[in-house]
Amino acid sequence: MCGIVGIINTDRIKIDGSYIREAIRIQNERGNGLGGGFAAYGIYPGHKDNYAVHIMYQGGKHSEIIKTVEAFLELRTKVHHSDEIPIFPTSTIPSGPYFKRYFVNPLKEQIPVGQSEDDAMVDIVMAINTMGDAYVISSGKDMGVFKGVGFPEDIADFFRIQDYKGYMWIAHNRFPTNTPGWWGGAHPFTILDKAVVHNGEITSYGTNKRWLEMFGYFCMLQTDTEVLSYIFDKLTRKDGLSVEDACFVMAPSLWEDIEYEKAEKKKLLRQLYGQVIVNGPFGIVLTHSGGAIVLNDRNKLRPVVCARVGSTYYASSEECSIRLLSPKVDALWSPRGGEAVIVDLAKEEVQ
Amino acid sequence: MSMKNNWKTIPPFHPEIDYARCDYKNGCTICAHECSWGEISLKPEKLDNGTMVYKPGANLTSCGSCQRCVKMCPYSAIHIVNSPMYTSHGYWTPDYVGNIVKQASSEGGVLMVGNGATGPQRRYFDHIMFDACQVTNPSIDPLREPMEIRTYLGRRPSKWDGEQYPLLKLEVPIMFGAMSFGALNLRVHEAEAKATSEVGTYWNTGEGGFHISLRESYGANTIVQVASGRFGVSEDYLKSAAAVEIKIGQGAKPGIGGHLPGEKVSREISETRMVPEGSDALSPAPHHDIYSIEDLRQLIYAIKETIEYKVPISVKIAAVHNVAAIASGIARAGADIIAIDGFRGGTGATPLQIRQNSGIPIELAIAAADERLRQEGIRNQVSLVASGGIQCSSDVLKAICLGADAVYVATPVLIALGCGMCQRCFTGKCAYGITTNKPGLAERIDVDEAAWALKNLLHAWAEEIEELMGSMGINAIEAMRGNRDRLRGVGLNEEELRILGIKHAGA
Ligand code: SF4
Ligand code: SF4
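Residues numbered from 1 in each chain as written. Chains lettered and ligands numbered in written order. Predicted model: local features only at pLDDT ≥ 70, side-chain atom pairs only at ≥ 80, totals over all residues. Heavy atoms only, no water.

## Remarks on the site of ligand 1
Alright, step 1. Around ligand 1, 14 residues are found, and the nearest of them are Cys35, Trp37, Cys63, Cys66 and Cys69 of chain B.
Alright, step 2. Residue composition of the shell around ligand 1, by class: 8 nonpolar, 3 polar and 3 charged. (Near = heavy atom within 4 Å. Nonpolar A, V, L, I, M, F, W, Y, C, P; charged D, E, K, R; others polar.)

## Comments concerning the nonpolar core
Alright, step 1. Ranked by size, the top nonpolar core spans 122 residues in total, and within it Ile340 and Ile434 of chain B carry the most contacts.
Alright, step 2. Residue-level mapping places this core at the junction of two domains, with at least three residues from each of domain 1 (8–84) and domain 2 (124–504) of chain B.
Alright, step 3. Sequence-distant contacts of Ile434 of chain B, that is, excluding residues within four places in its chain, are made with Ala183, Leu184, Asn185, Val188, Leu414, Leu417, Gly418, Cys419 and Ile445 of chain B.
Alright, step 4. Formed by 118 residues, the second largest nonpolar core is a distinct cluster that contains Leu192, Trp211, Leu241 and Leu286 of chain A. (Core = buried A, V, L, I, M, F, W, Y, C linked by side-chain atoms within 4.5 Å. Buried < 20%, exposed > 50% of the residue type's maximum accessible area, 1.4 Å probe, protein only. Domains from an automatic or database assignment. Contact = heavy atoms within 4.5 Å.)

## Description of the sheet that holds strand β21 (residues 503–504) of chain B
Residues and elements named next belong to chain B.
Alright, step 1. Reading across the sheet, the 3 strands line up as β6-β20-β21 and stay open at both edges, with mixed pairing between neighbours. Pairing within the sheet leaves two strands with one partner each, and these edge strands are β6 (128–130) and β21.
Alright, step 2. Bridge count between strand β20 (residues 487–489) and β21: 2 bridges; the pairing is parallel. Across the sheet, Arg488 pairs through a bridge with Lys503, a residue of β21.
Alright, step 3. Against the sheet, helix α13 (residues 393–402) touches β6 and β20, its axis set at about 95° to β6. (Pairing = 2+ DSSP bridges. Helix = DSSP H or I, 4+ residues; strand = E, 2+ residues; numbered from the N terminus. Axes fitted to C-alpha atoms, helices over the stretch in contact; angles between N-to-C directions.)

## Things to note about the sheet that holds strand β17 (residues 331–333) of chain A
Backbone-to-backbone hydrogen bonds pair the strands of a sheet. The strands run either parallel or antiparallel.
Residues and elements named next belong to chain A.
Alright, step 1. The antiparallel open sheet is built from 7 strands, whose spatial order is β8-β3-β10-β1-β16-β15-β17. Every other strand in the sheet has two partners, leaving β8 (143–148) and β17 as the edge strands with one partner each. Taken pair by pair, the neighbouring strands of this sheet meet at an average axis angle of 10°, ignoring direction.
Alright, step 2. Note: strand β1 (residues 3–9) against strand β16 (residues 312–316), 5 bridges, orientation antiparallel. From the neighbouring strand, Gly6 faces β16, where its bridge partner is Ala315.

## A few points about the domain arrangement of chain B
Residue and element names in this part refer to chain B.
Alright, step 1. We note that the domain assignment places domain 1 (8–84) and domain 2 (124–504) within chain B.
Alright, step 2. Spacing between the C-alpha centres of domain 1 and domain 2 amounts to 38 Å.
Alright, step 3. Listed per partner, the contact involves 12 residues of domain 1 and 11 residues of domain 2.
Alright, step 4. Together domain 1 and domain 2 conceal approximately 1,000 Å² of surface at their shared face, both sides included; 51% is due to carbon and sulfur atoms.
Alright, step 5. It is Ser36, Trp37 and Arg68 in domain 1 that bury the most area against domain 2; as a group they hold 58% of the surface buried on that side.
Alright, step 6. Viewed at the interface, domain 2 and domain 1 are joined by 1 salt bridge.
Alright, step 7. The residue Glu34 makes a salt bridge to Arg444 at a minimum N-O spacing of 3.3 Å. (Buried area = accessible area lost by both parts, 1.4 Å probe. Salt bridge = Lys/Arg side-chain N within 4 Å of Asp/Glu carboxyl O.)

What follows is the structure in structure tokens.
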């Protein structure tokens with residue numbers, strides 16, 4: 001069990017982190033204090049063309065690995081700016097790992113022929129994650145992730161997320177079951193600008209993970225959710241699938257229905273991407289700089305409810321989170337299993 | 001006669017007939033007619049009322065415990081017992097002693113056997129356990145929720161290109177492995193063809209050609225083989241099927257060719273195989289046009305050209321030490337499917353020493369090949385089919401979790417048709433009419449009944465696979481492929497676990 005919340009404003013009107021802090025706090029029934037986290041978009045307008053790399057150093061401020069990582073970043077990227085991520089220890093979280101952020105762009109001359117800046121950035125993230133004891137928490141432009149072990153409101157206070165303003169927020173309240181509660185294992189999980197919060201358990205993890213490894217994505221964070229952001233990145237960015245097709249691939253229709261609809265493209269997609277099916281119960285909110293996606297497993301074994309209030313869209317495990325922020329809503333619905341709700345910021349349209 | 005002749009005739013089994021149940025006094029002689037091996041003979045006996053009857057009795061010469069007489073006796077009057085063994089010695093077991101006796105008393109020669117390896121090597125499947133859902137995620141009841149076990153085999157691109165590639169569509173991830181016309185008779189081939197086309201999967205003709213009478217109705221569910229003897233290979237043959245398989249080797253006899261004795265080459269077999277009637281049909285050990293991987297590539301593309309790239313090409317190899325590297329080479333040579341046959345795989349005839357001592361277990365072979373293909377980033381270019389010792393539905397699913405896309409089964413096909421595993425298929429005397437073309441024996445197979453049994457088997461395994469998947473909270477078989485996370489080893493050492501790519505139970 002876990003709780004998730006997403007808030008997105010299609011007019012890109014920014015709100016501070018205090019709203020989502022409340023929305024996820026009220027779901028503490030769904031968590032157990034072993035993980036909370038937030039992703040926020042639009043928080044670094046001053047560096048919006050640089051990749052904002054949030055790195056967690058498990059060993060603390062003086063750990064050796066910091067030098068290695070920074071030397072590596074110097075070698076492979078132009079570091080425009082770096083600083084410590086401000087933290088504010090609380091009575092419930094008196095200490096935590098050491099966090100730094102780097103605003104970077106991969107050096108053009110270092111990018112192998114045929115690769116994009118994004119490809120190079122993914123390689124850099126994977127390289128850092130496999131160095132040991134340094135973990136890239138987020139790496140997108142104009143966005144960032146704040147997460148750790150604790151109840152979400154304590155994590156919010158630890159990073160003081162009310163000091164950040166974003167047009168899109170997601171949050172997670174964790175009740176870890178299969179994997180340990182550690183700072184790197186809290187949600188959201190990210191790659192580039194893609195972030196995901198997830199309630200559920202991915203029974204296909206082994207298959208998904210081994211498929212991703214073939215394409216240079218390595219799962220180092222000991223949590224099944226990690227595969228979701230990588231899958232989405234591979235499908236949309238590398239393979240050029242539309243967001244709709246990517247959602248279809250992760251939670252495809254039954255063969256029977258594909259045949260009944262004579263859906264030729266769906267058949268081909270499923271034939272090609274069988275190992276990307278995400279099996280097991282899940283409800284997810286996945287965000288990227290172009291919008292957000294809400295998706296349930298094919299059997300709808302986890303709750304997700306969506307709502308619209310003006311130009312703000314909500315998704316949540318529990319309706320109470322939405323009602324808390326906005327007692328009156330323009331629309332409220334529960335998406336069906338396997339049916340994606342897609343918010344596209346560019347087109348300002350919702351499916 | 002000298003004692004020597006008796007030595008070679010001590011058989012390990014013989015029938016015991018309970019004359020209190022036996023109905024010979026009313027004229028029953030079924031067992032004697034059913035035993036095609038000449039083990040049961042009839043002795044005339046005059047009853048008190050003066051009637052002449054025939055009493056069946058064991059000859060103690062040639063029983064192989066195929067159990068045909070036992071199954072056919074309407075009075076349950078027969079059972080098969082072990083003969084008092086040659087030796088009580090703990091090291092010199094009856095197998096070894098018996099083989100030496102046989103070889104010393106014949107004019108020398110290679111010992112031949114049928115079926116798969118019988119040795120004590122570890123059955124890894126038994127040391128691999130499935131995961132199951134408890135609390136944190138719900139298991140799925142396959143009777144109430146959709147459960148998908150459809151599988152596609154064939155090459156796919158590494159990223160979306162919107163193209164349809166030639167793929168095989170399997171409604172169950174189980175195909176019938178190669179057994180040739182010649183080794184089997186036409187009725188068995190027809191039963192395999194019928195069952196697979198009704199269920200929606202495939203059967204493999206083996207290397208003995210594809211009988212003309214089956215092509216039209218069943219070609220769409222047939223995989224035809226091109227082996228070193230090139231029997232029956234023509235343009236029509238290649239174009240008649242859903243896929244073409246180049247057979248390099250098989251698990252029961254890696255590195256060894258085949259030999260269909262002339263007496264088995266009847267008119268029909270001669271026509272289908274395209275060899276003269278009555279002549280020995282020899283498959284050389286290697287393909288004499290494939291001495292290297294480049295040669296294989298040429299053959300693959302020669303066939304692809306012939307079939308106009310319309311159907312996938314499979315390459316079948318025996319699981320040998322270097323299987324992972326070989327599989328990688330085959331994938332790069334252009335194969336769309338690689339079938340790997342473990343050392344337990346069956347056969348109609350193989351030299352005993354090869355069967356028992358060559359090759360490696362399929363569990364390790366498939367895990368190694370799958371991992372290697374992934375490391376090289378070419379796993380999507382081929383599908384892997386595991387075979388050789390698959391005994392039940394959980395073996396199928398374990399093979400899939402280890403990295404196979406689907407499996408071939410062949411011995412289970414024979415067993416479903418009655419086979420008692422007597423290991424004497426090469427004699428052409430099969431009492432069940434399976435591995436024989438002899439008139440009078442072959443008719444023991446009724447095509448419809450045999451197809452019915454094979455369909456039952458496929459359905460039963462499919463349902464069991466769905467149950468297992470449901471217990472793991474998975475409703476699409478694609479999500480099982482290579483999902484080693486859902487397996488744990490019990491009683492395996494570190495090296496074995498590393499090769500299988502699984503954790504030990506408790507970890
Ligand atoms: S039918 Fe089979 S089991 Fe029976 S006596 Fe003959 S060989 Fe033995
Ligand atoms: S197929 Fe026939 S000859 Fe071969 S093992 Fe089975 S019963 Fe014996």
